[in-house]
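As a plain string of letters, each chain reads:
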Amino acid sequence: MELHNKVALVTGSAHRVGKAIALALARQGAHIVVHYGTSEGAARDTAKEIKSLGVDALAVQADLRNPDAIAGLFEMLEERFDRLDILVNSAASFVKQPFDQIGLGDWKDVFQANLRAPFLVSQRAARLMRAASRPADQPALIVNIADLSGVFAWRGYVQHGVSKAGLIHLTQVMARELAPGIRVNAIAPGLILPPPGMDPDGERWQQMGQSVPLGRPGHPDDVGEAVIFLARSDYITGALIPVDGGEHLVGPANH
Ligand SMILES: NC(=O)c1ccc[n+]([C@@H]2O[C@H](COP(=O)([O-])OP(=O)(O)OC[C@H]3O[C@@H](n4cnc5c(N)ncnc54)[C@H](OP(=O)(O)O)[C@@H]3O)[C@@H](O)[C@H]2O)c1
């Protein structure tokens, strides 16, 4: 897909990995809807940075656990832009919790954010994507940001891992349901950014990075580049692309 003047929605793109994806798309000439949950200031700064690249940007708040908020997000999107070409489902909660202590509410929260929201957002996105005209050999694109915890059985991340496994299967199911007009792919990042609170330059994170085949942690731009690759690759659908320095080759060694 040629990205110039296309419109992309990136969920959870106020900062961290989502921001890198939004900026990568903007650098290719796409206008960006910067979705955020609670990080209003960061989202506005990101939108400003995107606009400085010469494309349009709109920051929109929505708690993705709430279907009405998802509807509101699309109202704002449609008010500003008349089309949607790319959706990146990047927002997610990342919860570590001992198996015995997971309550119904904990389970529900994670599944609403990590699996139900990508489904509901993709459903609305697909309607919009189908309404816009585009060349038959340049389908619209949905990218789900999954996780290696959806492939390997990490300890302590039960609801996170199971929701990401669901997201990987949802990717394949949607790739069939939405073909040929929309391609759907997933990316499984590895050690890209430590959780907030852990220093990316600190010894522990760097040591974890040394344990993967490429011997170092990744960078959010590595995920952004993978999204650009998928956007340009009009014949790829239903794929899961690891961006993990080869961590998938050694399995859940760090967990
Ligand atoms: N970081 C890594 O190394 C890594 C590794 C593997 C996979 N991933 C995946 O890559 C994606 C991005 O990673 P990340 O580390 O940048 O993620 P993150 O910082 O943990 O979360 C991204 C954003 O998701 C938003 N979010 C969470 N729950 C939400 C809700 N209920 N409603 C609306 N927004 C919500 C938050 O927005 P606000 O801040 O605005 O509230 C948050 O900034 C995630 O899907 C993650 O699972 C990341």
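On a predicted model such as this, the values are computed, not experimentally measured, just so you know.

Cut-offs applied
Residues numbered from 1 in each chain as written. Predicted model: local features only at pLDDT ≥ 70, side-chain atom pairs only at ≥ 80, totals over all residues. Heavy atoms only, no water. Phe/Tyr/Trp six-rings, centres within 6.5 Å; stacked < 30°, edge-to-face > 60°. Helix = DSSP H or I, 4+ residues; strand = E, 2+ residues; numbered from the N terminus. Buried < 20%, exposed > 50% of the residue type's maximum accessible area, 1.4 Å probe, protein only. Contact = heavy atoms within 4.5 Å. 1 Å grid on protein atoms, 1.4 Å probe; cavity = no way out; pocket = protein on both sides within 12 Å on 5 of 7 lines; lining within 4 Å. Points joined across faces, edges and corners; volume = space filled by probe spheres on them. Nonpolar A, V, L, I, M, F, W, Y, C, P; charged D, E, K, R; others polar. Near = heavy atom within 4 Å. Polar contact = N/O pair within 3.5 Å; in protein donor to acceptor, adjacent residues only side chain to side chain. Areas by Shrake-Rupley, 256 points an atom, 1.4 Å probe, with all protein chains shown as cover. Pairing = 2+ DSSP bridges. Axes fitted to C-alpha atoms, helices over the stretch in contact; angles between N-to-C directions.

Asker: So what exactly am I meant to see when it comes to the packing of aromatic side chains here?
Answerer: Centre distance and the angle of the planes are the two values used to describe a pair of aromatic rings. Applying the stated criterion to the full structure yields three aromatic pairs. When the ring of F94 is compared with that of Y157, the centres are 5.1 Å apart and the planes differ by 20°; the resulting orientation is stacked. Placement of F94 in the loop between β4 (86-89) and α4 (104-131) and of Y157 in the loop between β5 (140-145) and α5 (158-178) is noted, with a sequence separation of 63 residues between them. For F94, a relative accessible area of 41% translates into the label partly exposed. Overall, the relative accessible area of 12% leaves Y157 in the buried class.

Asker: What is the right way to look at the environment of G190 in this model?
Answerer: Looking at the element boundaries, G190 is found in the loop between β6 (182-189) and α6 (203-210). Apart from residues no more than four positions distant in its own chain, G190 is found in contact with L148, V243, D244 and E247.

Asker: I would appreciate a short explanation of the layout of surface pockets in the present structure.
Answerer: Unoccupied space between atoms shows up once a probe the size of one water molecule is rolled over them. Here the second largest pocket is characterised by a volume of approximately 160 Å³. Contributing elements (two or more residues each) for the lining of the second largest pocket: α4 and α5. Here the element with the most residues in the lining of the second largest pocket is α4; it accounts for six residues. Residue composition of the lining of the second largest pocket, grouped by class: six nonpolar, two polar and three charged.

Asker: Got a minute to help me understand the environment of S52 in this structure?
Answerer: Residue position: S52 is located in the loop between α2 (40-51) and β3 (57-61). On the basis of relative accessibility, which here comes to 59%, the residue S52 falls in the exposed class. Expressed as a C-alpha distance, the spacing of S52 and A26, which sit 26 residues apart in the sequence, is 9.8 Å.

Asker: Looking at this model, I keep getting lost on unusual backbone geometry. Mind explaining?
Answerer: Residues other than glycine predominantly adopt negative phi, and peptide bonds predominantly adopt the trans conformation. A179 connects to P180 through a cis peptide bond whose omega is 5°. Here P180 lies in the loop between α5 and β6. Of note in this structure, N5 is not a glycine but carries a positive phi near 70°. Note that N5 resides in the segment before β1 (7-10).

Asker: Can you walk me through the site of the ligand in this structure?
Answerer: Surveying the vicinity of the ligand reveals 25 residues, the closest of which are R16, G37, T38, S39 and S90. Between T38 and the ligand, the recorded distance is 2.6 Å, taken from a side-chain N or O atom to an oxygen atom. For the ligand, an oxygen atom lies 2.9 Å from a polar atom in the backbone of L193. Compared with its free state, where it exposes 880 Å², the ligand has 86% of that area covered by protein. Mapped by element, the contributors of at least two residues to the shell around the ligand are α1 (16-27), β2 (31-36) and α5.

Asker: Mind showing me how you'd approach the sheet that holds β4 here?
Answerer: Strand pairing in a sheet relies on backbone hydrogen bonds, with the paired strands running either antiparallel or parallel. Taking strand neighbours across the sheet as the criterion, the seven strands line up as β3-β2-β1-β4-β5-β6-β7 in an open arrangement whose pairing is parallel. Two strands lie at the open edges of the sheet, namely β3 and β7 (240-243), each paired on one side alone. Taken over all neighbouring pairs, the strand axes of this sheet differ in orientation by 20° on average, direction set aside. The sheet contact formed by β6 and β7 spans four bridges and is parallel. Bridged to I187 within β7 is I241. Contacting β4, β5, β6 and β7, helix α7 (residues 220-232) runs over the sheet at an angle of about 160° to β6.

The analysis is restricted to geometry; functional conclusions fall outside its scope.
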